[in-house]
Amino acid sequence: MRHSVFSLLLGAISLITTTGVTGLEFTVSLEENGKAADASKLQFVKIPPLKHRRRGHRNATVATGQHVTAKRGNNDISYSDNWCGASSRSNDADPIRNVFGYFTVPDLKLRADIPPPQYAAAWIGIDGAKCNQTLLQAGVTTVVNSNGGQSASAWWEWYPGAAYTIANLPVKPGDWMSVNITAHDATSGRIIVTNAQRGYSMTLNLTSGPKLCRWDVEWILEDFYEAETNKQVPFASFQDLWFLDTEATTVRGKNVGIDGAAMVHLMNPQGKVLCQAEKYDNANFVITSH
């Protein structure tokens, strides 16, 4: 089902970690170049939950007068203050089981009209849209500084509980990553983050997390909100960012991938679209900067 070049590297040496959130614990395993590695080299730096939940757009129309929700083929087109990408949905009767995809780590360029540093975060997750009170996700954030230099870091979050930057996990702008998230039930799951270009795969097994609805799945590039200020970070321009081989399945085995998903465009408060998602086929789409 997966391409062999991006085979998920499992096994490895495990750590058991308590997050500090009531009940939530996780074990960590790591492989490097196909061999078990010491997971204790990974440092999980706790950060405030970053409120990656979707926010609808405050304006009813874009600058050209187009309505916030439109239709293109099988896909709805909608607008958000902070999300850009694809969002699909199931229901209580057949909850989400798994979501997967490959994507490029954001490769940023400075926008001329806003001060540096500037940011963009790419991630894959379960819930956060219709089910706005919880979100299980993993991804990467890239920052570009005033001199054009960039740095990227991987992270995971189970909102509204714990969020962690994963220090010492190699990642650079332009790398191809994969994220594979499985919800075993509403309060336990697994996250696998793989960077085949740099030869590593990390697996987190999580238990006793905040209760998921398991209604939504997403593949997103985001202009996120800082937890401390509740303000959005400056959003950078970026090279085209692809999500490839996307999949999402329910407990009953139904595919709820990007065929029929809402394609979400990011619009600023002035009604200007800064980021647009375009479906290539039923498993692949590209996000472009404007």
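Residues numbered from 1 in each chain as written. Predicted model: local features only at pLDDT ≥ 70, side-chain atom pairs only at ≥ 80, totals over all residues. Heavy atoms only, no water.

Draft legend 1. Region of interest: the overall build of the protein. A count of helical and extended segments in the protein gives zero helices and 22 strands. For the protein, the residues scored as buried account for 53% of the 290 residues in total. Residue pairs at least 24 apart in sequence account for 69% of intrachain contacts in the protein once pairs closer than 6 positions are excluded. Approximately 12000 Å² of the protein is accessible, and the part contributed by carbon and sulfur atoms is 49%. (Helix = DSSP H or I, 4+ residues; strand = E, 2+ residues; numbered from the N terminus. Buried < 20%, exposed > 50% of the residue type's maximum accessible area, 1.4 Å probe, protein only. Contact = heavy atoms within 4.5 Å. Areas by Shrake-Rupley, 256 points an atom, 1.4 Å probe, with all protein chains shown as cover.)

Draft legend 2. A look at the state of the cysteines. The final tally for this structure, using the stated rule, is two disulfides. Two residues, C84 and C275, share a disulfide whose sulfurs are 2.2 Å apart. Given an S-S torsion of about -100°, the disulfide between C84 and C275 has left-handed geometry. Of this pair, C84 sits in strand β7 (residues 83-89) while C275 sits in strand β21 (residues 273-279), placing them 191 residues apart in sequence. For C275, a relative accessible area of 0% translates into the label buried. In the protein, numbering the disulfide-bonded cysteines from first to last in sequence yields the connectivity 1-4, 2-3. (Disulfide = S-S within 2.5 Å.)

Draft legend 3. Just the packing of aromatic side chains, in detail. One pass over the structure, following the stated rule, counts twelve aromatic pairs. Measuring from ring centre to ring centre gives 5.2 Å for F26 and F44, while their planes differ by 65°; the resulting arrangement is edge-to-face. On the criterion of sequence distance, the pair formed by F26 in strand β2 (residues 25-32) and F44 in strand β4 (residues 43-47) is long-range, its members being 18 residues apart. Just as F26 is buried, F44 falls in that class too. When the ring of F243 is compared with that of F285, the centres are 5.1 Å apart and the planes differ by 15°; the resulting orientation is stacked. Residue F243 is located in strand β19 (residues 241-250), and its partner F285 is located in strand β22 (residues 285-289); the two are separated by 42 residues in the primary sequence. F285 carries the same exposure label as F243, and that label is buried. Among the aromatic residues, those joined into a ring-pair cluster are F26, F44, W156 and Y164. Lying across the ring of W215, K130 places its NZ or CZ 4.9 Å from the centre. (Phe/Tyr/Trp six-rings, centres within 6.5 Å; stacked < 30°, edge-to-face > 60°. Lys NZ or Arg CZ within 6 Å of the ring centre and 35° of its normal.)

Draft legend 4. How the structure looks around the confidence of the model for the protein. Mean pLDDT for the protein: 86, with 83% of residues reaching 70 or above. Predicted confidence for residues 1-14 stays below pLDDT 50, and this span has 38 contacts to residues more than four positions away or in other chains. Low confidence marks residues 57-71, where pLDDT is under 50. Its contacts with residues over four positions away, or in another chain, come to 38 contacts. (pLDDT = per-residue confidence, 0-100.)

Draft legend 5. The environment of P116, seen in detail. Tracing the chain through its elements places P116 in the loop between β9 (108-109) and β10 (118-126). You can call P116 partly exposed: its relative accessible area is 39%.

Draft legend 6. Spotlight on the side chain of N82. Residue placement: N82 occurs in the loop between β6 (75-80) and β7. Within the structure, the side chain of N82 is placed 3.0 Å from the side chain of E222, a separation counted as a polar contact. (Polar contact = N/O pair within 3.5 Å; in protein donor to acceptor, adjacent residues only side chain to side chain.)

Draft legend 7. Geometry of unusual backbone geometry. With omega at -5°, the peptide bond leading from P116 into P117 counts as cis. By the secondary structure assignment, P117 is in the loop between β9 and β10. A cis amide bond links Y159 to the next residue, P160, at an omega of 5°. By the secondary structure assignment, P160 is in the loop between β12 (150-159) and β13 (162-167). One non-glycine residue, R214, lies in positive phi territory at about 60°. Looking at where R214 falls in the secondary structure, it is placed in the loop between β16 (200-207) and β17 (216-222).

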